[in-house]
Amino acid sequence: MKIGEKIQSADWKNEKHVPVIEAPDSVTPGEWVEVRVGLSKAIEHPNTTEHHIRWIKVMFTPDDDKFVYDLGMFTFNAHGEHAAGPNEGPVHTRDQAVFQFKTSKPGIIHAVAYCNIHGLWESSKRIEV
Ligand code: FE
């Protein structure tokens, strides 16, 4: 069994675990590209001590490149934990991240999100240069 077999995918409009990638369809070479990745765009994912999104990893595969490039790892670490007990805490982080990158080649942005009880979910978005 390969890890890829455990990465699920679906339409984010119907499945709350799929990361949504918002970025331009086309950019100019070397232009800084702002990318937003996050869940909960169509359906809010739970954000409790017992059930939450832990992280989203974002990668880029340029056309005709054998390898994938790691763009970033965004972790969401507060989910209502408190000394008094689960969900008693005042602080939560939400499953959203914004960053910038640039590329001289077109390719595909990949995002993988991890839910602490429902595993790995992926999506992708093509960028033309
Ligand atoms: Fe979940």
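Use the structure listed above.
Predicted model, so just to flag it, every value in this text is computed and none were measured. (Residues numbered from 1 in each chain as written. Predicted model: local features only at pLDDT ≥ 70, side-chain atom pairs only at ≥ 80, totals over all residues. Heavy atoms only, no water.)

Caption draft 1: Seen up close, the side chain of S40. Take S40: it is sitting in the loop between β3 (33-38) and β4 (53-62). At 2.9 Å, the side chain of S40 and the backbone nitrogen of H45 are in polar contact. Separated by 3.2 Å, the side chains of S40 and D95 make a polar contact. Beyond its immediate stretch of four places on either side in the chain, S40 contacts K16, H45, R94, D95 and Q96. (Helix = DSSP H or I, 4+ residues; strand = E, 2+ residues; numbered from the N terminus. Polar contact = N/O pair within 3.5 Å; in protein donor to acceptor, adjacent residues only side chain to side chain. Contact = heavy atoms within 4.5 Å.)

Caption draft 2: Examining the sheet that holds strand β8 (residues 119-127) more closely. Read from one edge to the other, the open sheet built from 5 strands follows the order β1-β8-β7-β4-β5, with strand pairing classed as mixed. Both outer strands of the open sheet, β1 (7-8) and β5 (69-75), are each paired with one neighbouring strand and no more. Where β4 and β5 come together, 6 bridges link them in antiparallel fashion. Each residue of the ladder has a partner; that of V58, found in β5, is G72. (Pairing = 2+ DSSP bridges.)

Caption draft 3: The arrangement of the coordination of the iron ion in detail. Each protein donor to the iron ion is listed here as H17 (NE2), H45 (NE2), H51 (NE2), C115 (SG) and H118 (ND1); together their distances run 2.1 to 2.4 Å. Between consecutive donors of the iron ion, the numbers of intervening residues give the motif H-x27-H-x5-H-x63-C-x2-H. With H51 in the loop between β3 and β4 and H118 in the loop between β7 (107-115) and β8, this pair connects stretches of sequence that are 67 residues apart. Residue H51 is classed as buried on the basis of its relative accessible area, which comes to 12%. For H118, a relative accessible area of 34% puts it in the partly exposed group. (Donors = N, O, S within 2.8 Å, 3.2 Å for Na, K, Ca; no water. Buried < 20%, exposed > 50% of the residue type's maximum accessible area, 1.4 Å probe, protein only.)

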